[in-house]
Amino acid sequence: MTPEQNGVRENRSAWAGLSQIFAGDRPPHAVILEGEPGGTGSLAARLAQASVCLAAEGKPCGSCPGCIKAKAGSHPDILTLDGNANPRVFPVDTVRKIRSDAYEKPNEAPRRVFVLLGVQNMSEISQNALLKILEEPPENVLFILTTTSAAQLLPTVRSRAQLFPVEGESLPEDWTLAETIAKAVVATREAELIFQAADLIQNRDGMRGVLEQLSLIFRDAVALRSGAGGCRSAGRGAASLLGDTLTRQNLMRMLEATEKARQALEQNANTALLVTAYCAALRSAAGR
Ligand SMILES: [Zn+2]
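Residues numbered from 1 in each chain as written. Predicted model: local features only at pLDDT ≥ 70, side-chain atom pairs only at ≥ 80, totals over all residues.

### A short note on the sheet that holds strand 3 (residues 112–117)
Alright, step 1. In space, the 5 strands of this open sheet follow the order 2-3-4-1-5, with parallel pairing throughout. A strand with exactly one partner marks an edge of an open sheet, and here the two such strands are strand 2 (78–82) and strand 5 (162–165). Ignoring strand direction, the axes of neighbouring strands in this sheet form an average angle of 15°. (Pairing = 2+ DSSP bridges. Helix = DSSP H or I, 4+ residues; strand = E, 2+ residues; numbered from the N terminus. Axes fitted to C-alpha atoms, helices over the stretch in contact; angles between N-to-C directions.)

### Quick notes on the domain arrangement of the chain
Alright, step 1. As assigned here, the chain comprises domain 1 (3–165) and domain 2 (176–285).
Alright, step 2. Relative placement of domain 1 and domain 2: their C-alpha centres are 33 Å apart. (Domains from an automatic or database assignment.)

### Focus on unusual backbone geometry
Alright, step 1. With an omega of -5°, the peptide bond running from Lys59 to Pro60 counts as cis.
Alright, step 2. For Pro60, the location among the structural elements is in the loop between helix 3 (37–52) and helix 4 (65–72).
Alright, step 3. A positive phi angle, close to 60°, is found at Asn140, a residue other than glycine.
Alright, step 4. Mapped onto the fold, Asn140 is located in the loop between helix 6 (124–135) and strand 4 (141–147).
Alright, step 5. Non-glycine residue Asn268 carries a positive phi angle of around 65°.
Alright, step 6. Tracing the chain through its elements places Asn268 in the loop between helix 12 (248–266) and helix 13 (271–285).
Alright, step 7. Accessibility expressed as a C-beta count within 10 Å gives 11 for Asn268, which makes it exposed. (Buried ≥ 20, exposed ≤ 12 C-beta atoms within 10 Å, placed from the backbone.)

### Describing the pairing of strand 1 (residues 30–34)
Alright, step 1. In terms of residue burial, strand 1 counts as a mostly covered element, since 5 of its 5 residues are buried.
Alright, step 2. The two faces of strand 1 match: Ala30, Ile32 and Glu34 on one face and Val31 and Leu33 on the other face are all buried.
Alright, step 3. As paired elements, strand 1 and strand 4 share 5 bridges and run parallel to each other. Bridge pairing in strand 4 places Leu33 opposite Thr146.
Alright, step 4. When strand 1 meets strand 5, the two strands line up parallel, connected through 4 bridges.

### Considerations on the environment of Arg219
Alright, step 1. Within the element layout of this structure, Arg219 appears in helix 10 (residues 204–225).
Alright, step 2. Residues Arg219 and Gly35, 184 residues apart in the sequence, show an inter-C-alpha distance of 27 Å.

### Concerning the nonpolar core
Alright, step 1. In this structure, Ala48, Val115, Phe143 and Ile144 are the most contacted members of the largest nonpolar core, which totals 42 residues.
Alright, step 2. For this core, the secondary structure elements donating two or more residues are helix 2 (14–23), strand 1, helix 3, helix 4, helix 5 (92–102), strand 3, helix 6 and strand 4.
Alright, step 3. Ranked by residues supplied to this core, first place goes to helix 3 with 6 residues.
Alright, step 4. Discounting chain neighbours no more than four positions away, the residues touching Val115 are Ala44, Ala48, Ile78, Leu79, Thr80 and Ile144.
Alright, step 5. Ranked by size, the runner-up nonpolar core spans 35 residues in total, among them Ala197, Ala239, Ala257 and Ala261. (Core = buried A, V, L, I, M, F, W, Y, C linked by C-beta atoms within 7 Å. Contact = placed C-beta atoms within 7 Å.)

### Concerning helix 6
Alright, step 1. Under the 1.5 Å per step criterion, the end-to-end length of helix 6 is 16 Å for 12 residues, consistent within 8% with the ideal 16 Å.
Alright, step 2. For helix 6, the complete set of buried residues consists of Ser126, Gln127, Ala129, Leu130, Ile133 and Leu134. Taken around the axis of helix 6, the buried residues stretch over an arc of 160°, which confines them to a single face. Facing away from the buried side of helix 6, by more than 90 degrees, are the exposed residues Glu124, Ile125, Lys132 and Glu135.
Alright, step 3. At its buried positions, helix 6 is contacted by strand 1, helix 5, strand 4 and helix 7 (155–159). (Expected span 1.5 Å × (residues − 1). Arc of directions from axis to C-beta.)

Here it is, written out as structure tokens:
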């Protein structure tokens, strides 16, 4: 990995790094996203959608016919096989079929996209079949492979695709910190919130995950308040406390503050200043 790539990975979100690679003069025909299935899977879907998006910029736009079909899983130029869900999804015959399909013209998108999730489960025979097309890729084709470990792929396959480690993109399993922070927003003692959030200052990647969790908790609180029920986050305790204590307007302003903090984080804001400002914004949004 070049230092530049390393910098991209450390300083921006994985999506920003990927966009940069694809905005270049020579976008790759194949990428390997390495990391936990949750993070790599959603990134792969977004990249596939961006690849068939018909908007001039800001891809994926989310609203063009290409994006809508991609989101619905019905785009004729995207083929997705999920080896994480089913390790037997890549028999060599299937890979040979992909190979011949790849030489067909795209139906309606600028390119054909093959999303192969969990290729750590692909046999050596199948990987060798795949290698043949990675060595001489047709124009207008993109292969997006995801794996929990690139070390489990054949070195020849690895060398034919741009490796992209995905870190801190999947939501952490542990919601404790996000829940504690969410509850501290309405704590009596003002210092409680900054005290609980201080752990984030040293951990930029961790902060990304916790901000995402907080945003889900606040959304759940809005839903619980309006009687919609259905918790999407694992932070039900905090969501119901906030839903009981705050108004919808409070919660919406907390969501806005969280979105602003996420943007600032992607723009490399100083984490100490960011955490302080975010805590103040949350307390104020909650009318505290
Ligand atoms: Zn679009």
